[in-house]
Each structure stands twice: as structure tokens, then as C-alpha cells.
Amino acid sequence: MQQALKPIYSQIKRITKATCSLHASTASNEEMALVHGRLAQVVKIIGEEVTLQVFSGTEGIPTNAEVIFMGHAPTLKVGEELAGRFFNAYGKPIDGGPEVEGELRETGGPSINPTKRLQPNEVIPTGIAGIDLNNTLVTGQKIPFFADPDQPFNQVMADVALRADADRIILGGIGLAHDDYLFFKKIFENAGALDRIVSFINTTEDPSIERLLVPDMALAAAEYFAVDKNEKVLVLLTDLTLYCDALSIVSNNMDQISSKDNMPASLYSDLARIYEKAAQFPAGGSITIIAVTTLSGGDITHAIPDNTGYITEGQLFLRRDTEISKTIVDPFRSLSRLKQLVIGKKTREDHPQVMNAAVRLYADAANAKTKMQNGFDLTEYDQRCMDFAKEYANYLLAIDVNVPINQMLDTTWKLFGRYFSQDEVAIKRELVNKYWKEKSPAVS
Amino acid sequence: MTQGTIRGIIANLIIAEAKGHVAQNEICYIVAGEEQLMAEVIKIQGKNIFIQCFESTRGLRVGMPVNFTGRMLEVEVGPGMLSRIYDGLQNDLETMDSLFLQRGQYTPALDDNSRWDFRPLATVGQSVRAGDWLGEVTENGMAIKIMAPFDLEGEYQLKSLAEAGTYGIRDTVATLANGKDHQLEVNMVQRWPVKVALKAYSEKIRPYKMLETGVRTIDCLNPIVEGGTGFIPGPFGSGKTVLQHAISKQAEADIIIFAACGERANEVVEIFYEFPELEDPRTGGKLMDRTIIIANTSNMPVAAREASVYTAMTLAEYYRTMGLRVLLLADSTSRWAQALREMSNRLEELPGPDAFPMDLTAVIANFYARAGYVYLNNGETGSITFLGTVSPAGGNLKEPVTEATKKSARCFYSLSQRRADQKRYPSIDPVSSYSKYLEYPEMQEYLAEKISPTWVEQVIQAKDILLRGKELNDQISILGDDGVPIEYHDIYWKSEVIDFIILQQDAFDKIDALTKLDRLEYMLKRVLDIYRMRFEYQNFEEVGTFFKRVINLLRQMNYAEFQSEQFQAYEKELESMLNERRIA
Ligand SMILES: Nc1ncnc2c1ncn2[C@@H]1O[C@H](COP(=O)(O)OP(=O)(O)OP(=O)(O)O)[C@@H](O)[C@H]1O
Ligand SMILES: [Mg+2]
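Residue numbers here run from 1 along each chain, matching the order of that chain's written sequence. To read the labels, note that chains go from A and ligands from 1, taken in the order they are written. Local features in this predicted model are restricted to residues of pLDDT 70 or higher, and side-chain atom pairs are both shown and tallied only at a pLDDT of 80 or more, whereas totals for entire chains, interfaces and linings draw on every residue. Processing note: side-chain calculations cover all non-hydrogen atoms of the structure and skip hydrogens and water entirely.

Let us now look at the overall build of chain B. For chain B, the count of helices and strands is 14 helices and 28 strands. A globule of 584 residues ought to have a C-alpha radius of gyration of about 25 Å, and chain B, at 27 Å, matches this closely. Taking the principal axes of the C-alpha coordinates as reference, chain B spans close to 90 × 55 × 45 Å. Only protein chains enter the accessibility calculation, which uses a 1.4 Å probe; a residue is then buried when its area is under 20% of its type maximum, exposed when over 50%, and partly exposed in between. Taking all 584 residues of chain B together, 62% fall into the buried category. Throughout, a residue-residue contact means that at least one pair of heavy atoms, one from each residue, lies within 4.5 Å. Of all intrachain contacts in chain B linking residues separated by at least 6 positions in sequence, the fraction that spans at least 24 positions is 69%. Accessible surface area values rest on a Shrake-Rupley calculation with a 1.4 Å probe, where residue burial reflects the displayed protein chains alone. Total accessible area on chain B stands at roughly 22000 Å², and carbon and sulfur atoms take up 48% of it. The centroid of the 63 positive side-chain charges in chain B is displaced by 3 Å from the centroid of its 81 negative side-chain charges. Helix and strand assignments follow DSSP, with helices taken as H or I runs no shorter than four residues and strands as E runs no shorter than two, numbered in order from the N terminus. In this description the radius of gyration comes from C-alpha coordinates, and the expected globular size is given by 2.2 Å times residues to the power 0.38. In this charge count, Lys and Arg are treated as positive and Asp and Glu as negative; neither His nor the chain ends contribute. Throughout, a charge is located at the NZ atom of Lys, the CZ atom of Arg, the CG atom of Asp or the CD atom of Glu.

As a further point, take empty space enclosed by the protein. It is the rolling of a water-molecule-sized probe over the atoms that shows where space remains empty. Points on a 1 Å grid over protein atoms alone make up a cavity when a 1.4 Å probe fits among them but cannot get out, and a pocket when they form an open set with protein on both sides within 12 Å along at least five of seven lines; lining residues each have an atom within 4 Å of a point. Grid points are joined across faces, edges and corners, and a volume is the space filled by probe spheres set on the points. With the rule as written, the count across this model stands at 7 cavities of 30 Å³ or more. The calculated volume of the largest cavity comes to roughly 130 Å³. Forming the boundary of the largest cavity are 14 residues, of which Q315(A), R333(A), G237(B), Q417(B) and D421(B) lie nearest the centre. Ranked by residue count, the leading element in the lining of the largest cavity is helix α8 (residues 417-421) of chain B, at 3 residues. Amino acid classes used here: Ala, Val, Leu, Ile, Met, Phe, Trp, Tyr, Cys and Pro are nonpolar; Asp, Glu, Lys and Arg are charged; the rest, including Gly, are polar. Of the residues that constitute the lining of the largest cavity, the class distribution is 7 nonpolar, 4 polar and 3 charged.

Let us now look at the pattern of salt bridges. All names here are of chain B. Here, a salt bridge means any side-chain nitrogen of Lys or Arg that lies within 4 Å of a carboxyl oxygen of Asp or Glu. Counted according to the given criterion, the structure contains 67 salt bridges over all chains. R346 serves as the salt-bridge partner of E342, at 3.5 Å between the closest nitrogen and oxygen. Within this pair, E342 and its partner R346 are both found in helix α5 (residues 333-346), separated by 4 residues, close to a single helical turn. The same class applies to E342 as to R346, namely buried. R532 is paired through a salt bridge with D529; the nearest N and O atoms lie 3.0 Å apart. In this pair, R532 and D529 both sit in helix α12 (residues 517-532), 3 residues apart, roughly one turn of the helix. By relative accessible area, which is 24% here, D529 ends up partly exposed.

Moving on, we get to helix α5 (residues 240-253) of chain A. All names here are of chain A. Along its 14 residues, α5 runs 20 Å from first to last C-alpha, staying within 8% of the 20 Å computed at 1.5 Å per residue. Listing the buried residues of α5 in full gives L240, T241, Y243, C244, A246, L247, S248, V250, S251 and N253. Pairs of N or O atoms are called polar contacts if they sit within 3.5 Å, as long as, within protein, a hydrogen donor faces a hydrogen acceptor (for residues adjacent in sequence, only side-chain-to-side-chain pairs). Between the side-chain oxygen at the start of α5 and the backbone nitrogen of T241 there is a gap of 2.7 Å, and the oxygen is on D239. D255 sits one or two residues past α5 and shows a positive phi near 60°. The length a helix should cover is 1.5 Å for every residue beyond the first.

In this section: the site of ligand 1. Residues in close proximity to ligand 1 total 20 residues, the closest being G237(B), K240(B), T241(B), V242(B) and R264(B). In this structure, Y425(B) approaches ligand 1 through a side-chain N or O atom, which is 3.2 Å from an oxygen atom. Contact with the protein chains covers 94% of the free accessible surface of ligand 1, which is 630 Å². Contributions of two or more residues to the shell around ligand 1 are made by α7 (303-311) of chain A together with α2 (240-250) of chain B. For this description, a residue counts as near a given molecule or strand if any of its non-hydrogen atoms is within 4 Å of it.

Residues and elements named next belong to chain B. Where helix α11 (residues 486-503) contacts helix α13 (residues 540-559), the axes come no closer than 10 Å and their chain directions differ by 15°. Considered as vectors, α11 and α13 are oriented roughly parallel to each other. In terms of crossing hand, the pair formed by α11 and α13 is right-handed. Taking contact as the criterion, the partners of I486, H489, D490, W493, K494, E496, V497, F500 and I501 in α11 are, on α13, F540, V543, G544, F547, K548, I551, L554, R555 and N558. For the contact of α11 with α13, a count of residues per class yields 10 nonpolar, 3 polar and 5 charged. Each axis is a line fitted through C-alpha atoms, taken for helices only over the stretch in contact, and angles between the N-to-C directions span 0 to 180 degrees. Orientation categories follow fixed angle ranges, with anything under 35 degrees roughly parallel, anything over 145 roughly antiparallel, 65 to 115 roughly perpendicular, and all other angles oblique. Here a crossing is taken to be left-handed if its near helix is turned anticlockwise relative to the far helix by less than a right angle, and right-handed if that turn runs clockwise.

The interface is formed by 82 residues belonging to chain A together with 78 residues belonging to chain B. Three residues, Y268(A), Y310(A) and R429(A), lead the burial of chain A against chain B; their summed loss comes to 11% of the area buried on that side. For the pair chain A and chain B, the interface holds 7 salt bridges. Put simply, R429(A) and E573(B) hold a salt bridge, and the shortest N to O gap is 3.5 Å. Secondary structure elements with two or more residues in the side of chain A that touches chain B: β5 (38-46), β13 (142-147), α4 (214-228), α6 (267-275), α7, α8 (351-373), α9 (380-397) and α11 (422-425) of chain A. A total of 6 residues in the side of chain A that touches chain B trace back to one element, the largest contributor, which is α7(A). Classifying every residue of the side of chain A that touches chain B gives 32 nonpolar, 26 polar and 24 charged. Two strands pair when backbone bridges link them, and β5(A) and strand β1 (residues 3-10) of chain B are joined in this way by 3 bridges, in the antiparallel orientation. Bridge pairing in β1(B) links K44(A) to I10(B). Throughout, the accessible surface (probe 1.4 Å) given up by two parts as they are put together, summed over both, is called the buried area. Here, strands pair whenever DSSP counts at least two bridges between them.

A few words now on the confidence of the model for chain B. The score called pLDDT rates the predictor's confidence residue by residue, from a low of 0 to a high of 100. When pLDDT is averaged along chain B, the result is 94; 100% of the residues meet or exceed 70. Taken together, the chains of this predicted complex give a pTM of 0.94 and an interface ipTM of 0.91.

This next bit is on the domain arrangement of chain B. Start and end positions for the domains come from either an automated domain assignment or a database one. In terms of domains, chain B is made up of domain 1 (3-72), domain 2 (111-188), domain 3 (203-437) and domain 4 (455-583). The C-alpha centroid of domain 4 of chain B is placed 62 Å from the C-alpha centroid of domain 1 of chain B.

Residues and elements named next belong to chain B. Together, K398, K406, R410 and K436 line one region of the surface with positive charge. Relative to the helices and strands, R410 resides in the loop between α7 (400-406) and β25 (411-412). A relative accessible area of 33% places R410 in the partly exposed class. In this analysis, a patch consists of residues with relative accessible area above 30% that form no salt bridge, clustered at 9 Å for like charges and at 5 Å for the nonpolar side chains Val, Leu, Ile, Met, Phe, Trp and Tyr.

All names here are of chain B. If you walk across this open sheet you meet the 4 strands as β10-β13-β15-β16, and the pairing is antiparallel. The open sheet is flanked by β10 (127-128) and β16 (182-186), the only strands paired with a single partner. Of the strand pairs in this sheet, β10 and strand β13 (residues 156-161) are connected by 2 bridges, and their pairing is antiparallel. Within β13, the position partnered with V128 by the bridge is Y156.

Residue and element names in this part refer to chain B. Taken in spatial order, the 4 strands line up as β12-β11-β9-β14 in an open sheet, and their pairing is antiparallel. Strand pairing shows two members of the sheet lacking a second neighbour, β12 (142-147) and β14 (165-168), which therefore form its edges. Each adjacent strand pair in this sheet contributes to an overall mean axis angle of 45°, direction not counted. Pairing of strand β11 (residues 133-139) with β12, which is carried by 6 bridges, proceeds in the antiparallel orientation. Among the inter-strand pairings, T138 is bridged to a residue of β12, identified as A143. Strands β11 and β12 of the sheet are contacted by helix α4 (residues 303-321), whose axis makes an angle of about 95° with β12.

A few words now on the state of the cysteines. Residue and element names in this part refer to chain B. When the sulfur atoms of two cysteines come within 2.5 Å, that pair is taken as a disulfide. Enumeration according to the criterion identifies 0 disulfides over all chains in this entry. Free cysteine C261: the closest other cysteine sulfur is in C53, separated by 18 Å. Taking relative accessible area as the criterion, C261 reaches 0% and is therefore assigned buried.

Now for the nonpolar core. Within soluble globular proteins, side chains that are nonpolar generally end up buried alongside one another. All names here are of chain B. If you look at the biggest cluster of nonpolar residues, it comprises 86 residues, and the most contacted ones within it are I257 and Y319. Top contributing element to this core by residue count: α4, with 11 residues. Counting residues in each nonpolar core, the second largest holds 85 residues, with L327, V484, L503 and M533 among its members. The term nonpolar core refers to a set of buried residues drawn from Ala, Val, Leu, Ile, Met, Phe, Trp, Tyr and Cys, joined through side-chain atoms within 4.5 Å.

Our next topic: the packing of α8(A) against helix α10 (residues 405-419) of chain A. Residue and element names in this part refer to chain A. The N-to-C vectors of α8 and α10 enclose an angle of 50°; their axes lie 10 Å apart at closest approach. In terms of orientation, α8 and α10 fall into the oblique class. Handedness of the crossing formed by α8 with α10: left-handed. Here H351, V354, A357, A358 and L361 of α8 come into contact with α10, specifically with I405, L409, T412, W413 and F416. In terms of residue class, the contact of α8 with α10 is built from 8 nonpolar, 2 polar and no charged.

Attention now moves to the packing of aromatic side chains. Stacked, edge-to-face and tilted labels apply to pairs of Phe, Tyr and Trp rings (six-membered ring for Trp) whose centres lie within 6.5 Å, assigned for plane angles under 30 degrees, over 60, and everything in between, in that order. If you walk through the whole model with that rule in mind, you get 44 aromatic pairs over all chains. Arranged with centres 6.1 Å apart and planes meeting at 55°, the rings of Y381(A) and F420(A) form a pair that is tilted. Of this pair, Y381(A) sits in helix α9 while F420(A) sits in the loop between α10 and α11, and the two are 39 residues apart along the sequence. Just as Y381(A) is buried, F420(A) falls in that class too. Taking the centre distance of 5.3 Å and the plane angle of 70° together, the rings of F388(A) and F420(A) count as edge-to-face. In this pair, F388(A) sits in helix α9 while F420(A) sits in the loop between α10 and α11, placing the two residues 32 residues apart along the sequence. Ring-pair connections join several aromatic residues into one group, and the members of that group are F332(A), Y362(A), Y381(A), F388(A), Y392(A), W413(A), F416(A), F420(A), Y435(A) and W436(A). For a lysine, the NZ atom is tested; for an arginine, the CZ atom; a charge sits over a ring if that atom is within 6 Å of the ring centre and within 35 degrees of the ring normal. The cationic tip of R168(A) hangs over the ring face of F225(A); the distance from NZ or CZ to the ring centre is 4.3 Å. Between the NZ or CZ atom of K43(B) and the centre of the ring of F50(B), over which it lies, the distance is 5.1 Å.

Shown next as C-alpha cells:
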């Protein structure tokens, strides 16, 4: 047995819910260990005393438990064989298949040299106008859905993933409901896409601290495909709020002073380490990260969405539009910061101005609505804005839209022509001359 | 040098024991097998030396050796830094060959083999003080001065000076001596500790020269000055970075130093993709030729984040001492403050508000104080204009970093979430933002001279109209459109004209992105003229409809080349439209 060569200890001094400490002279920082057969990692060393974070929790661990240090940081075996497989947070198969043979790599490895990055420049079309028209995604981007737990973010994410024309999709399930895990499995299977997909799944039934391992596992696999194989890789991480919750449990158990909302002071850096793995690599491969950050009651000032927003390249907000009884991509709070690299350049020239004008008119509609709710009379312009908004939401913002980008632009011009004068739309004259559509009766 | 060994590891905080003396902020290297990891002493307590490691500490063990260097964190300055991309510790990122950053890999900041055409500027026998210009070389079309050592104490005599000719960067080009026969050889390279302000100048004065940024809302309402300081707080996505990039592309500065401090790597990529393409009207070269990027992106080691802003500031001071106007931009200073917080937490220091270190305000104040407009020993001037962004947690400006910065920076460009949501970019809030410089009499004099004698008056009027417009809009939403006199609508819409035409600016449109002062003056006068006009309306609805047309035409003007045929055609159209409704 290989493990017989490794140093073994059996004198635990201190146990908290997530950590245990013992005297050991050989541990190295971030080294993996087995405590009472459970995976653990070194998080602190003071002289002889080593503190380990036990991923599956410390319930039932006795003070004389066996502790074996493994001599390396967390690792994953990478290879083509990963494709089509489902693993747990430790990279062990959960689909009944055999262990993967391949090169052993440390997860959570170093950052790409920024000067080696290419500027992202390729549109990821999703067919969803709330995304493609207003918040265009680009390969190498990192962007989360900000959504309340009751919103259909996993469905939208699965749609996006399957339409995105990626060579590889890596799913990192972090505290995924078991039903959602089965949903992803089924939808990928039905699409005949299973062989393009690698999944690392921690469900709500698994210990919460294990969740800390999932993003690094998923990204190590992503780097293998994007860097070694030059593939276009799409990484889906759902739900990173649960990852942050796990971080806070560990840091609180280590008596660290927490900052806002009980989160560790290092939350920003911890999240940035994950998200910044998104990149366009020089040899053609790329990693794009689409994540989910669930909100509590839509509050984006909470430390988790707040820090996320400061790191990611925009965010996608889902909102229920009661007027049309559909879920829409909210054009106000949603943002793709990389869109300006492609819109009007890789997409039609009128894209930027059409997008801005429509959102501005939609904002006028929102103001009119407030006016109405406050009991004031609406002007004729207000009324037109509200009529426009309804169709705009229905034909463009709703998540069930699936059309090419040029059609989205044409539809918007039709709505402009139908409800507004050229002055009200206020777009550059050259574009108006070229694309303006006089009152057209019906849309699409 | 002193040796030590590791005693403890908590993330990037190392506790070591040393056999000998160590100094606060001394640099040391942790020896991990083949790798040597750079680190800095941040606290000394009895025999425990607390060290922050600038690299990942994975795999480190108790007992590993630590070699102290006897020096603080220093930069090396000299010709050959322009257009480089350094990390926070001034390692040249472009000369590293692997795709991923290798721990413990350090690359030189300057090219030791580079040779430069040296021209002497001083005369043998003259007396010399720290920072005095001895000669110059040309780098990317800019004159780079070779200066007397910055750490020179008192007066020295110039014993010898190289003749014009080509010299290697480390060849001696001058020798200095002081009375006591102390001889010093000077080459083109100097070292300087980043945490110490470089003060090789004769005096710092109150800045008064407006620094044109090409961003209308800044140049018009809240101008910044050469040697001034300002900060840009704003929630995520409100446009801090886009604004800083716009300023850096257009501002009237000789050198641009960009410190990407704990932000996105793709934003750094954007700079080094775009800047080499942008023409520099003054040198005929490219903008990148006079830009330096210090990149410590958010995924790079946290401790080096703090170093990165100091590295950037020290490079800026180097160029200021040679009489150049430096624009220093840091995005985001909050990440630096957070790095301090992470460390202070690990050191178990008594936490201040929001767990930030107690001395945060002092640290920020000291940093901002290093900017400024100076007279050099030879009577020439140089400046560092510093603009930092702040990323307030939850977008709430009542948080320690914003509050601390407000005490130091003289311009406050507050980005508003509401304006960003409405796509009213740049989203600088016209009412709460301010520039203290606008109150300086010497600045007002300068503006009167440079733009027009009535400029400041006009600016103040524009500000008043914007404020009034906001108040009236509040009234209208409380009382209803027809619950207020038509005049309210008229004034509100006139303030909207100023908002749309002067404040809002499309950073991604070739023409609109940059507005020169003559154009700004013209447009401001134009919109103020409209403000003074009286129009006839039948009802309040007509007001909005009318002004939307006015705004649309003015926007077309903004998108057209200044005074081009197209521009004039739109203006004519505007003229006749205004006349339709105008009451004499
Ligand atoms: N002047 C502008 N014109 C047009 N769009 C703009 C302008 N300023 C900002 N934007 C839009 O807002 C987005 C976010 O801007 P930016 O990246 O500068 O925000 P930020 O304040 O730096 O955010 P963070 O704190 O997260 O870094 C941009 O990607 C762009 O789409
Ligand atoms: Mg930014």
C-alpha cells in the first residue's frame, strides 16, 4: 500500500464543526490529508500545530482518529476520458463508471499571465434576445445569473449551454438540488450532448464544506480541455452563493474576524480566483464561465452578489414580468461588459444604438407605469411607451425567445416604427435612414 | 544577511524566526526547494517576524529557510520602462515565457543590454543635488532625463560627465564628489523604495492648471488640474473603469501610468490591445509609447496588490522629477484597502470600521499626498495627477474606504447607479460630485484666460440649472404633470438638454468620446442660449415633445465632426426648429 509510506498521526487536540487541529511536524500548507478516512486540507500551521479543514464535517471524529497526510494539494486526473462522466467534489465517479486514468494535476493552479491573454472577440449566440441583443456574451467572459431561488435559472443556463456551440461543457453543481441534477442529466442526454459534458456534482444531500472543492475541480478540467486541447469550453457553476456560505462556515470556525454579512474578509479574492480562470487563450481555446448567484429577496447589496458583481464581466438578472406572464431578462440591471467588443463589429452596425434606444424607451415606460400607479394621468407618449414595452418584453426580453440576432434588430426597428417618431427614438441619422421601418402593423 | 526559518503559515501570512536583526518592511525570500518566494516583513513581535508572502504559499512547511535581504521593496527606474507591462513588483510580464505565472519567477524591469544615445545637460564642476538633470536620452520620442541619485544628501560637485554618445544603461555617465572626497559613479539606473515618497524637488505648490480630459462632464462641471487628485466611487458596473480608460486615452499628459489593482485581467488586455492602436497626436507615435501598465489583477497574489499602487506611484515620481506631467490612474484603490484588511485580520489586529485596519485613513492620505505639482531645483515644473477608483461595498458611500478617500482627494466624481441604469453615461452625478479646484482663485484666473472670461460663471449657471431641474422633476412626480405650471416642464426639459448634450457622452463613439475645450465652450454656450430662450406651448405635453426634438438634433451635432458641414447643417436645422416656437 502506497499510503503506508505516508506520515500517520493519531492525537487530535481540537475539533470544531469544520476543522480539527493536531501536532504534526511534516504538514505543508494546503496539503490534503485523510482524517478518520475523510478528506481534509491543511489551512493553518502554527509551529507544531496543524489545522485541517475536514470537507465532510467532523461529526463523530474521535481524538484518537488516524490522520494521514497525502503529500500533495488537491488534484484531479485529467484526460479525454473525463468526457461524458459525472464526478463528486473529490473527482470520484458517481455514475457507476470506472475511475478515470490520466495525468494527475493540482487543482487551483496559478493564474494565466495577463499579457498572454487574447482579447475576447467571439459572440456566443444564445437565441435569447434579452442576452444576445442587450447583453451579448463573448467567449472568455465570466458572467453570473443573479436570480432569486424560485426563478428558472438552471433551465435558462441549460438552454444557453446547449445553444452556445461550445466544444465542451463543464458543469459544476454546488449544492445542487438532486432534482436539478437529474434535470441537467436528462436535458443533456436528450440533446445528445452527453459526450461533450463533464460534471462535478455536489448536491444538497452532500456535506456543505465539500462544495469548496467543486469550482477548482471544474476549472482544472476546463483548463485541460481549453489549454491542452485548444477547445472552446463553457463552465457552468451553480450556485456560487452556496460556495460562499461554505467559505463563511470555515472561516467562522477558524475564529477569523468576518466582514460584511458574516463573510470572510477574503471573499473578493476567493471569488476572483475562480472567475478569473475565464480566458481566451492564444492557441484558440477558451474558458467561458456562466455562473449562478442566488439572491435573497433580490438584494444585490449583500456581500455575495456585491463582490461577485465587482469581479464578473456583467450579470444577468431574471425577473418575472406579470404583464406578459413570462420570465424576462431584466434590461436595467443586466449588463454584459464585453458586449462592446463585438456589437456593431461582429454584429450588425446598428446594434449598439438600437439596443440603447430600446432600453431607454423601456425605461420611459417604467416611469409611466410608476406615474400610473401613483394615480396620475398618462400622456399620449406615456401610453405609447407602455404599449411598446409590452411588446418589447414579449417578443424580445422573454427567455422563451429563440431567434438570430439580425431578426432581433429587425423586430426592434419594427416596434420603433410602430410606436415612435424618429425624434423620439433619437438614433444616428445615417442608421435611421437605412433601417427605419414605417408603421408596420404586426411584429414577427 | 540575516537568516531565518518558517514557524507558521496562515494563508499568505508567514511567521518566521530570525537569527539576527531584521527591519520593518524588509524584503526576504522564502526558500522552497528550487523556488525563492519574495515576501515582506510587516510586523515584528519579540522573536516572531510576521511576513506577507507575495506568492502562493501552497506547499510551504515549517522549517523552510527565509533569507532576509536588508532592503525594502524597491523599484528600479531608468530608460526603457515606457510601454511595458509590469506586475505589482515591477517584474516584466511580457518577458516571462510560460502561459501561466510561475511562482518565484522574477524578471528584470529594465533591459541591461539596452544602449541609449546620451546627451549631457550639465557642466562639469557645477554643484548637483538629488534629482538634478545630468543628461538625457530619447525613449519613444520622449526625452528621459538621467538624474543625480535621488538619495544624494546635500550638495555634490559634478566631477566628470560623459560626452554625447551611445552608452549602456549601466555604464558610468557621470561622477560626483562631495567635499570629503567621497566619490560617486552615476549610471542611468536608480533604485528607490516604493513606500518612501521621492521628494527630489524644491517645492510643491497649489495646482492651478486645468488638465483637459476630453470628458465633458469633468472638464465642464468639475475640472481636475495638473497635479491634482480625484477619486471615482461607484457601485459595480457604474462605469469607473470605462471613465478612467477614456481619461487616460485623451488627457493632456506626457506619461500615463495605469495601476490595475485587483481588478479584471481582461481590462488590462483591453489597454494593451487598444493603446498600441491609438495615435498620439503629440509625438506622432502611439499612445502605448508613453504608457506603463502595472497589472496586479484580482487573481494575482493579494499582498502584491498593495505593492502595486506604491510601485506605480514611485514610477510616477521618477518621471515627475524629470519635468513631465504624469497621469496616474489606479483601479481600484478599494482592492488595495481590502488587501490591507485581509492582512490585518490575519495579524489579529484590533479592527476598525468594517474590519478595515484602524490606520486606513492615514495610509490613504499619505498615498494621495504623494501626487502634486512641483517646482524642480532647476525651476522647471512636473506633476502627478492621481485619479483612483473606489468600489464601495454594496454601492453605499458610507463605508470606510470612500470616507477615508474623501478626506484626501480634492475631486469627487460620484457615479450614480440610477444614472447608469438609465444608461446616462458617464454616470457622474452632477449634483453631489465636486471639484475643489474650481474654487481656487488661481484656477479661476487660469480658466478665464484659457477658455473665456465668463467661463466659470457659465459653469456655475449650468450647475444651478441642473440642480433646479432635479428639484422641479421631483415636484412634477409628486404633483403630477398637470399639477404644476408649464414653466416647470420648460425648465426641467432645459436641464435635460444640458444633461443629454453636455453630461452624457458616448465613450465608444469615435467622435463623441473626445471633446476639446473649444468645442465644449461652443456647446455649453449653445445650450445656455437655449435655456434663456422663451418658447410658446399650448400644454405641457408639447414641452417634452419639443425638447426631445431639440435634444435629438443637438446629439446629432455631438456625433458630427466639430464645425463640419454636417455639424453646421444640424445646427441650422436646430435654429429653424427653435424659431418655430420662440417668443421674441
Ligand atoms: N461612457 C460610457 N458609454 C457607454 N457605456 C458605458 C460608459 N461607461 C460605462 N458604460 C457601460 O457600463 C459597463 C460597466 O462599466 P465599467 O466596467 O467601467 O464599470 P465599473 O464601475 O468599473 O465596474 P466594476 O466596479 O465592477 O469594475 C461598461 O461595460 C459599458 O457597457
Ligand atoms: Mg471597473
